[in-house]
Amino acid sequence: DVLLWNRMGQGEWWYWKNKPKKHPITGKDDVHHCCGELPIAFHGYQDSQWFFKLESEFYSEEVSDEGDSWKKYQWRNPTVTEKYFDRVRRAMKKAASIG
């Protein structure tokens, strides 16, 4: 049923409202780790400059010929965001060493 909701007018709360606090299988309090460590897509960004900022976080400083306005953008929750980015970087390094 959740997939059929019209989320456009509901804001950001709709996903988190009834999300369980503990993982349904492990029982651990780690459900907040909802984003994958090897992301293949990012969503929810209306301004393409955010993608340049993400690319910079994971790959390099030279990411776009579209200017550098993305450099002034700030993450909403920088401490949690940086922890997530660290997890992604570790997973990317590990994946690269396997192949």
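Note on numbering: residues in each chain are counted from 1, in written sequence order. Local features are withheld for residues below a pLDDT of 70 in this predicted model, meaning they are given only at 70 or higher, and side-chain atom pairs are given and counted only at 80 or more; totals for whole chains, interfaces and linings count all residues. To obtain the side-chain values, all non-hydrogen atoms of the structure were used and water was disregarded.

Topic: the packing of aromatic side chains
Paired rings are identified among Phe, Tyr and Trp, the last through its six-membered ring, by centres lying within 6.5 Å, and are further divided according to the angle between planes into stacked (under 30 degrees), edge-to-face (over 60) and tilted (the rest). For the coordinates displayed, the defined rule picks out six aromatic pairs. Residues Trp50 and Trp75 carry aromatic rings whose centres are separated by 5.0 Å and whose planes lie at 40° to one another, so their mutual orientation is tilted. Taken together, the positions of Trp50 in helix H2 (residues 49–58) and Trp75 in the loop between H2 and helix H3 (78–98) put the pair 25 residues apart, joining distant regions of the chain. A relative accessible area of 19% places Trp50 in the buried class. Accessibility here uses a 1.4 Å probe with only protein chains present; expressed as a share of the type maximum, an area under 20% marks a residue as buried, one over 50% as exposed, and anything in between as partly exposed. Here Trp75 falls in the buried class, since its relative accessible area comes to 16%. Between Trp75 and Phe85 the ring centres are 5.3 Å apart and the planes differ by 75°, which places this aromatic pair in the edge-to-face class. Helix and strand assignments follow DSSP, with helices taken as H or I runs no shorter than four residues and strands as E runs no shorter than two, numbered in order from the N terminus.

Looking at the packing of H2 against H3
Between N-to-C directions, angles span 0 to 180 degrees; the directions come from axes that are lines fitted to C-alpha atoms, helices contributing only their stretch in contact. For the pair H2 and H3, the least separation of the axes is 10 Å and the interaxial angle reads 55°. Between H2 and H3, the angle is such that the two are oblique. Together, Leu54, Glu57 and Phe58 of H2 and Glu82, Phe85, Val88, Arg89 and Met92 of H3 make up the contact between the two elements. For the contact of H2 with H3, a count of residues per class yields five nonpolar, no polar and three charged. Comment on the angle field: the value is read as roughly parallel under 35 degrees, roughly antiparallel over 145, roughly perpendicular from 65 to 115, and oblique elsewhere. Residue contacts follow a heavy-atom distance rule, with two residues in contact if any of their heavy atoms lie within 4.5 Å. Three residue categories are used. Nonpolar comprises Ala, Val, Leu, Ile, Met, Phe, Trp, Tyr, Cys and Pro, charged comprises Asp, Glu, Lys and Arg, and polar comprises the others, including Gly.

Structural notes on the nonpolar core
Nonpolar side chains tend toward joint burial in soluble globular proteins. Here the nonpolar core consists of buried residues drawn from Ala, Val, Leu, Ile, Met, Phe, Trp, Tyr and Cys, with membership extended through side-chain atoms lying within 4.5 Å. The biggest cluster of nonpolar side chains holds eight residues, and these are Trp50, Leu54, Phe58, Tyr73, Trp75, Tyr84, Phe85 and Val88. At the level of elements, H2 and H3 are the ones that each hand at least two residues to this core. If sequence neighbours within four positions are ignored, Val88 has contacts with Gly36, Glu37, Pro39 and Phe58.

Some words on the environment of Glu82
Along the polypeptide, Glu82 turns up in helix H3. Sequence-wise, Glu82 and Glu57 are 25 residues apart; in three dimensions their C-alpha atoms are separated by 9.5 Å. Beyond its immediate stretch of four places on either side in the chain, Glu82 contacts Glu57 and Arg89.

Read these as spatial facts, not as claims about activity.
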